[in-house]
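Observations on the model geometry
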Amino acid sequence: MYKDLKDKVVVITGGATGLGRAMAVRFGQEQAKVVINYRNNENEALEAKKEVEEAGGQAIIVPGDVTVEGDVINLVQTAVKEFGTLNVMINNAGVENPVPSHELSLDNWNKVIDTNLTGAFLGSREAIKYFVENDIKGNVINMSSVHEMIPWPLFVHYAASKGGMKLMTETLALEYAPKGIRVNNIGPGAMNTPINAEKFADPVQRADVESMIPMGYIGKPEEVASVAAFLASSEASYVTGITLFADGGMTKYPSFQAGRG
Ligand code: NAI
């Protein structure tokens, strides 16, 4: 537990499912005030709100599409209106789908870039604007991926979005460090969430992914949520511009394990 997270106002995009929900619940345990953004499934968002409250926090749900500028502006304004301020912005909403790159449509490319990269930019911009105007040493956490550094055939749009996020975060961190505003990425490996449900339901595909993880298992959403809590807390007060990987060692060249190569 991080004492300074109590009563902090934390916005999480795509906060109703998967990693977003696990982070919402973790911030609930920290007795924070959580703003759960969701795109269209209100029931999932209400379930997440209930879990946050049962964990000891407060929560509101706010609909909105992160690719729509007005929705992101509304999200931050609603957080401030309902809870009085903003301390932590977590740009977590993301999508992915596999397509051979030479067959990838412009619409599909744009949808992934707009959601994963432009959505995170809009969330970062609105949060930082509020921090600067109100002299708040807040922080931004962007949900990147091991694919900000590992190329990923069939997912060129996804890898480009997360690679872009790496330099976006580093640039924002550098630009706003003098104001005490911190900006960091989390880089999850393979996690057990709805984005992977179909893949991990197939035992062959699941075993294939597990073989690429030195620690040997697919990560639990709580193992990313704990990283978010750390980065948001004052225990990480001197940490900015990094990607903190939570990947069971996936980025450490597992094919070289046991002295191969
Ligand atoms: P998920 O599919 O449960 O979460 C994605 C969330 O984003 C959903 O709630 C979805 O409704 C929301 N979303 C999608 N488009 C949106 C939009 N335009 N506006 C608002 N919300 C939107 O899957 P998961 O795994 O929890 O994904 C969360 C983030 O973690 C994503 O950015 C993903 O790229 C990233 N990630 C996930 C990994 C994994 O293995 N699960 C690994 C590395 C990164």
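Refer to the structure printed above.
Described in the following lines is the structure provided in the data block. (Residues numbered from 1 in each chain as written. Predicted model: local features only at pLDDT ≥ 70, side-chain atom pairs only at ≥ 80, totals over all residues. Heavy atoms only, no water.)

What to know about the site of the ligand
Neighbouring the ligand are 28 residues; Thr17, Leu19, Tyr158, Thr193 and Asn196 lie closest to it. Val66 has a polar backbone atom sitting 2.9 Å from a nitrogen atom of the ligand. With the chains in place, 92% of the 820 Å² that the ligand exposes on its own is no longer accessible. Secondary structure elements with two or more residues in the shell around the ligand: helix H1 (18-29) and helix H5 (156-176). Of the residues in the shell around the ligand, the class split is 11 nonpolar, 14 polar and 3 charged. (Near = heavy atom within 4 Å. Polar contact = N/O pair within 3.5 Å; in protein donor to acceptor, adjacent residues only side chain to side chain. Areas by Shrake-Rupley, 256 points an atom, 1.4 Å probe, with all protein chains shown as cover. Helix = DSSP H or I, 4+ residues; strand = E, 2+ residues; numbered from the N terminus. Nonpolar A, V, L, I, M, F, W, Y, C, P; charged D, E, K, R; others polar.)

As for the pattern of salt bridges
Two side chains that carry opposite charge are able to pair once their charged atoms sit near each other. In this structure the tally under the stated criterion is 13 salt bridges. Between Glu53 and Lys49 there is a salt bridge, and its shortest N-O distance comes to 2.8 Å. Remark: Lys49 and Glu53 occur in helix H2 (residues 42-55); sequence separation between them is 4 residues, near one turn of the helix. The shortest N-O distance in the salt bridge between Lys166 and Glu170 comes to 2.7 Å. One end of the pair, Lys166, and the other, Glu170, are both in helix H5, 4 residues apart, so they sit about a helical turn from each other. (Salt bridge = Lys/Arg side-chain N within 4 Å of Asp/Glu carboxyl O.)

Some details on the packing of aromatic side chains
Scanning all chains against the criterion turns up 2 aromatic pairs. Taken together, a centroid distance of 3.6 Å and an interplanar angle of 10° make the contact between Trp152 and Phe155 stacked. For the pair Trp152 and Tyr158, a centre-to-centre distance of 5.5 Å together with 70° between the ring planes defines the contact as edge-to-face. Take Tyr158: its relative accessible area is 9%, and that puts it in the buried class. One aromatic cluster is present, built from ring pairs that chain together Trp152, Phe155 and Tyr158. (Phe/Tyr/Trp six-rings, centres within 6.5 Å; stacked < 30°, edge-to-face > 60°. Buried < 20%, exposed > 50% of the residue type's maximum accessible area, 1.4 Å probe, protein only.)

Description of the layout of surface pockets
As a volume, the second largest pocket reaches approximately 310 Å³. Lining the second largest pocket are 19 residues, and of these Lys137, Gly138, Gly180, Arg182 and Ser237 lie nearest its centre. For the lining of the second largest pocket, the residue count by class is 7 nonpolar, 8 polar and 4 charged. (1 Å grid on protein atoms, 1.4 Å probe; cavity = no way out; pocket = protein on both sides within 12 Å on 5 of 7 lines; lining within 4 Å. Points joined across faces, edges and corners; volume = space filled by probe spheres on them.)

So, the environment of Asn91
Here Asn91 lies in strand E4 (residues 88-91). The spatial distance from the C-alpha of Asn91 to the C-alpha of Gly119 is 7.6 Å, given a sequence separation of 28 residues. If sequence neighbours within four positions are ignored, Asn91 has contacts with Thr13, Gly119, Ala120, Gly123, Ser124, Val140, Ile141, Asn142 and Met143. Looking at Asn91, its side chain comes within polar contact range of the main-chain oxygen of Ala120, at 3.4 Å. For Asn91, the side chain forms a polar contact with the side chain of Ser124, separated by 3.3 Å. (Contact = heavy atoms within 4.5 Å.)

Overview of the packing of H1 against H2
At a minimum axis distance of 7 Å, the contact between H1 and H2 shows a crossing angle of 25°. Classified by the angle between their axes, H1 and H2 sit roughly parallel to one another. Every pair of crossing elements has a handedness; the one defined by H1 and H2 is right-handed. Contacts between H1 and H2 pair Arg21, Ala24, Val25, Gly28 and Gln29 from the former with Glu44, Glu47, Ala48, Glu51, Val52 and Ala55 from the latter. Here the residues of the contact of H1 with H2 are counted per class, giving 5 nonpolar, 2 polar and 4 charged. (Axes fitted to C-alpha atoms, helices over the stretch in contact; angles between N-to-C directions. Parallel < 35°, antiparallel > 145°, perpendicular 65-115°, else oblique. Left-handed = near helix turned anticlockwise from the far one by under 90°.)

Some remarks on a nonpolar patch on the surface
Side chains of Leu106, Trp109 and Val156 sit close together on the surface and give an oily, nonpolar patch of about 270 Å² of accessible area. Here Trp109 shows up in helix H4 (residues 106-134). We classify Trp109 as partly exposed; its relative accessible area is 31%. (Patch = residues over 30% accessible without salt bridge, like charges linked within 9 Å, V, L, I, M, F, W, Y side chains within 5 Å.)

Considerations on the nonpolar core
If you look at the biggest cluster of nonpolar residues, it comprises 35 residues, and the most contacted ones within it are Ile12, Met23, Phe27, Val34, Ile36, Ile90 and Ile186. Contributions of two or more residues to this core are made by strand E1 (9-12), H1, strand E2 (33-38), H2, strand E3 (58-63), E4, strand E5 (139-143) and helix H8 (222-232). At 7 residues, H8 tops the list of elements feeding residues into this core. In this view, Val34 contacts Val10, Ile12, Ala24, Phe27, Gly28, Val52, Gln58, Ala59, Ile60 and Phe83; residues no more than four positions away in its chain are not counted. Listed in part, the 27 residues of the second largest apolar core include Val76, Leu117, Phe131 and Met168. (Core = buried A, V, L, I, M, F, W, Y, C linked by side-chain atoms within 4.5 Å.)

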